[in-house]
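# Understanding the architecture of this molecule
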Amino acid sequence: MRLPLPQFATDRPRPDHIAEVIETATTEFVAQCLEPEDLTFPAMPPFGSWVKAHDEESGNDIIGVITYATTTPIDSVHRARALGLSLADLRQEQPQIFAMLKTEFRAAIVGFIAPSVGDKGKAFQYLPPRPPQIHQGVYRCTAAEVVQFTEKLDFLRSLLQVKAVPVESLLAAALRSAFHCREGDRPWLIQAGRTLSILLKDDYDSLRYILSQVHL
């Protein structure tokens, strides 16, 4: 079954609450998107975007970058088949289709924000003591959280070590997303490029490919 939307006093979920952890590991977690209220597909988070999963036991917000997303039938035996219908036609003629699909994504853990006495927690760009646990909520990071977390650039090294994904495209997408959240902070992006040039000093082709996808 698809995941039901969480219930709040207002019967409305937080708009940034997009998914729930269904698989977890030291370096990454998998989450299933929550079912929307209307007949639409769950919003698939963009590749390279920033999310967080709150670990209730430690109080840490685990920060992740989306590395993969997929929409598949809930029934693993039968594949979806082409129907030749528009989304409007699907809503009218085959509304059950939307309840038969699930959207999942994988996020690489790049660090965490630990709780503190002040308004802002402290950001750490290394693996947390433990990953988020099963069934904990996953949220879009706010622009302020992305800005805070990306003040340092150690996360670039973590992303370079992600396996089974096009790492160059992942780095470029994460930089574009952070650059947007930082409202076009040119000095920050230049510093990020310099940091990458050090990390990839023996791989000029990869460096050039990454930088070609990030524009000032």
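For the structure, check the block above.
Below or above, wherever it landed, is the structure these notes cover. Source: prediction; values computed, not measured.

To continue, consider the pairing of strand 1 (residues 17-24). Pairing of strand 1 with strand 7 (residues 137-140), which is carried by 3 bridges, proceeds in the antiparallel orientation. Bridge pairing links E20 to G137 in strand 7. Judged from the 5 bridges that link them, strand 1 and strand 2 (residues 28-33) form a sheet pairing that is antiparallel. Each residue of the ladder has a partner; that of E20, found in strand 2, is Q32. Connecting strand 1 to the next strand, strand 2, in antiparallel fashion are 3 residues.

A separate point is the pattern of salt bridges. Applying the stated criterion to the full structure yields 7 salt bridges. Across the pair D55 and R130 runs a salt bridge, and its minimum N-O distance is 2.9 Å. Of this pair, D55 sits in the loop between strand 3 (50-54) and strand 4 (61-73) while R130 sits in the loop between strand 6 (122-124) and strand 7, placing them 75 residues apart in sequence. On the basis of relative accessible area, D55 is assigned to the buried category, the value being 0%. Using a relative accessible area of 23% as the deciding quantity, one classes R130 as partly exposed.

As a further point, take the packing of aromatic side chains. For the coordinates displayed, the defined rule picks out 5 aromatic pairs. Consider the rings of W50 and F155, whose centres lie 5.3 Å apart with planes at 75°: the pair is edge-to-face. Taken as a pair, W50 in strand 3 and F155 in helix 3 (residues 155-160) lie far apart in primary sequence, 105 residues in all. Take W50: its relative accessible area is 5%, and that puts it in the buried class. A connected cluster of aromatic rings, assembled from ring pairs, spans W50, F149 and F155.

Moving on, we come to the pairing of strand 7. Across 3 bridges, strand 3 lies against strand 7 in antiparallel orientation. Its bridge partner lying in strand 7, A53 is registered against V138.

Another point: the nonpolar core. One finds W50, V110, F155, L159, L175, W188 and L196 to be the most contacted residues of the largest nonpolar core, which totals 32 residues. For this core, the secondary-structure elements that each account for two or more residues are strand 4, strand 5 (101-114), helix 2 (143-149), helix 3, helix 4 (167-181), helix 5 (186-199) and helix 6 (204-212). Per element, the largest residue contribution to this core is 9 residues, and it comes from helix 4. Apart from the residues lying within four places of it in its own chain, the contact partners of L159 are V65, V110, V167, L170, L171 and A174. Membership of the second largest hydrophobic core comes to 16 residues, among which are V21, I62, A107 and F112.

Each value, and the rule that gives it
Residues numbered from 1 in each chain as written. Predicted model: local features only at pLDDT ≥ 70, side-chain atom pairs only at ≥ 80, totals over all residues. Heavy atoms only, no water. Pairing = 2+ DSSP bridges. Helix = DSSP H or I, 4+ residues; strand = E, 2+ residues; numbered from the N terminus. Salt bridge = Lys/Arg side-chain N within 4 Å of Asp/Glu carboxyl O. Buried < 20%, exposed > 50% of the residue type's maximum accessible area, 1.4 Å probe, protein only. Phe/Tyr/Trp six-rings, centres within 6.5 Å; stacked < 30°, edge-to-face > 60°. Core = buried A, V, L, I, M, F, W, Y, C linked by side-chain atoms within 4.5 Å. Contact = heavy atoms within 4.5 Å.

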